[in-house]
Amino acid sequence: MVHSKVGAKTSDASDVRGSVFEGFPARETSLGTLRILRALPIRQKRLVGAWCFLDRFGPLSFSDAKPMDVAPHPHIGLQTVSWLLQGEVVHNDSLGSEALVRPGGVNVMTSGGGIAHAEETPRKNSGLLQGVQLWIALPDADRNGQASFQHIDEVPIIEQAGSMVSLFAGSLLGWSSPAKHFSPVLGADIELHAFANLELPLDPSFEHAALLMTGDAGIDGRSIDAMNLWYLGTNRSSIEFKSRGGGRVLLLGGPPFPEKILMWWNFVARTAEEIALARSDWQSHQRFGEVKYRGRRLDAPPLKRFAPPNPAS
Ligand code: MN
């Protein structure tokens, strides 16, 4: 795989812009009939802070189809974060939560030691779909805790310098997302108008990465494309975004995750034994509970080896 690398050295905190700027090619895959661009995890980049999964879908338009249709499946050891640019997705989980997420709102599900959910395009819809599905690895101290679900209808929107920053996770410019997380994270959707020039302060203890979602954008004078996850390293106390014709950038961050995780299918764990047990509990209808859904739930793939099969998001 081609992997462009510009000055991938570590820098000290006095270097306000940081020097790491590295493109990691995202991978095209599919989720049922829905085409996906998977930016995390990829072979060369497993995590950005505690963010361990990033699927990008759309933009697409449809009439009779149901482009998002992920049957019930289990999770352990993570939070899922669903953020849309267009359209709507309905979430149902084994706690009995049901929530419709639309652009501007966010769904955050905490698996704790086990939860199951389904995600579908609702029957009443706009005929559009575009968004991201993210996972955050839970720290060891919290990963076997209570499962929970949080729906936020409107995340904070910060208007600044010809741009609009939707803060769906963490804190920025004195604003905080009401979403509950278990380690410091940043998740922002930065909408740049034409000729925007936006400077944002960053926490230099965080590592950051950016994904171009629409239009055009540059970071610190370098243009970014939509097929790479642009990794920005740590030690960066500010970042400058520019756009010529307007664009939208997803910015993720967090302190480098100090624990080694093991991901297999929809499970984030530490050991192969935990994964084998979660798999057999799912297959035998234990631990995870049932989810309201018309149709069959997903079967776990065979446990032949720990090379990760496609997660079902
Ligand atoms: Mn899922």
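The following paragraphs examine the structure supplied in this document. (Residues numbered from 1 in each chain as written. Predicted model: local features only at pLDDT ≥ 70, side-chain atom pairs only at ≥ 80, totals over all residues. Heavy atoms only, no water.)

Things to note about the pairing of strand β18 (residues 186–192)
- Among the seven residues in β18, six count as buried, and that is most of the element.
- As paired elements, strand β15 (residues 163–169) and β18 share six bridges and run antiparallel to each other. Within β18, the position partnered with Ser-163 by the bridge is Leu-192.
- When β18 meets strand β25 (residues 247–254), the two strands line up antiparallel, connected through seven bridges. By the bridge assignment for β25, Glu-191 is matched with Arg-248. (Buried < 20%, exposed > 50% of the residue type's maximum accessible area, 1.4 Å probe, protein only. Helix = DSSP H or I, 4+ residues; strand = E, 2+ residues; numbered from the N terminus. Pairing = 2+ DSSP bridges.)

Let's talk about the side chain of Arg-38
- Inspection of the secondary structure assignment puts Arg-38 in strand β4 (residues 34–40).
- For Arg-38, a relative accessible area of 1% gives the class buried.

Points about the side chain of Glu-88
- Tracing the sequence through the fold places Glu-88 in the loop between β7 (78–87) and β8 (89–93).
- One buried charged residue, Glu-88, remains without a salt bridge, the closest side chain of opposite sign being Arg-102 at 4.4 Å.
- Those residues within four positions of Glu-88 in sequence are excluded, and the remaining contacts are Leu-100, Val-101, Arg-102, Thr-121, Pro-122, Lys-124, Asn-125, Ser-126, Gly-127, Leu-128 and Leu-129. (Lys, Arg positive; Asp, Glu negative; His and termini not counted. Salt bridge = Lys/Arg side-chain N within 4 Å of Asp/Glu carboxyl O. Contact = heavy atoms within 4.5 Å.)

What to know about the sheet that holds strand β5 (residues 51–61)
- The strand order across the open sheet formed by seven strands is β3-β4-β5-β12-β7-β10-β13, and the pairing between neighbours is antiparallel. The open sheet has two edge strands, β3 (27–31) and β13 (148–152), and neither has a second partner. Averaged over all pairs of adjacent strands, the angle between strand axes in this sheet comes to 20°, irrespective of strand direction. (Axes fitted to C-alpha atoms, helices over the stretch in contact; angles between N-to-C directions.)

Examining empty space enclosed by the protein
- Applying the stated criterion across every chain, the model contains two cavities of 30 Å³ or more.
- Here the largest cavity defines a volume of roughly 40 Å³.
- Every residue lining the largest cavity is listed: Phe-57, Met-68, Ser-82, Trp-83, Leu-84, Val-89, Glu-119, Val-132 and Gln-133.
- Within the residue set of the lining of the largest cavity, elements represented by two or more residues are β7 and β12 (128–137).
- Counting residues per element, the lining of the largest cavity draws most heavily on β7, which supplies three residues.
- A volume near 30 Å³ is recorded for the second largest cavity.
- Lining the second largest cavity, in full, are Ser-82, Val-89, Val-90, His-91, Ala-99, Val-101, Asn-107 and Glu-119.
- Of all the secondary-structure elements, those providing two or more residues to the lining of the second largest cavity are β8 and β9 (98–101). (1 Å grid on protein atoms, 1.4 Å probe; cavity = no way out; pocket = protein on both sides within 12 Å on 5 of 7 lines; lining within 4 Å. Points joined across faces, edges and corners; volume = space filled by probe spheres on them.)

With respect to the sheet that holds strand β24 (residues 238–242)
- With antiparallel pairing, the four strands of this open sheet are ordered in space as β19-β24-β21-β22. Of all strands in the sheet, those with a lone pairing partner are β19 (197–201) and β22 (222–224), marking the two edges. Neighbour-to-neighbour, the strand axes of this sheet turn through a mean angle of 30°, independent of strand direction.
- Pairing of β19 with β24, which is carried by five bridges, proceeds in the antiparallel orientation. Across the sheet, the residue bridging to Glu-199 is Glu-240, located in β24.

Focus on the pattern of salt bridges
- Considering all chains together, one arrives at 13 salt bridges under this definition.
- Asp-55 is paired through a salt bridge with Arg-38; the nearest N and O atoms lie 2.7 Å apart. On the criterion of sequence distance, the pair formed by Asp-55 in strand β5 and Arg-38 in strand β4 is long-range, its members being 17 residues apart.
- By relative accessible area, Asp-55 is classed as buried at 1%.
- For Asp-69, the salt bridge is made with Lys-66, and the minimal N-O distance between the two is 3.8 Å.
- For Lys-66, a relative accessible area of 35% gives the class partly exposed.
- Salt bridges here are not isolated pairs; linked through shared partners, they connect Lys-66, Asp-69 and Glu-120.

Points about the layout of surface pockets
- A volume near 430 Å³ is recorded for the largest pocket.
- Lining the largest pocket we find 16 residues, and of these Lys-66, Val-90, Glu-120, Pro-122 and Arg-123 sit closest to its centre.
- Elements with a contribution of two residues or more to the lining of the largest pocket: β8 and β9.
- Split by residue class, the lining of the largest pocket holds five nonpolar, four polar and seven charged.
- Of the pockets and cavities examined, the second largest pocket occupies roughly 270 Å³.
- Forming the walls of the second largest pocket are 14 residues, and the residues nearest its centre are Arg-35, Ile-36, Leu-37, Arg-56 and Gly-58.
- If you list the elements that add at least two residues to the lining of the second largest pocket, you get β4, β5 and β20 (207–215). (Nonpolar A, V, L, I, M, F, W, Y, C, P; charged D, E, K, R; others polar.)

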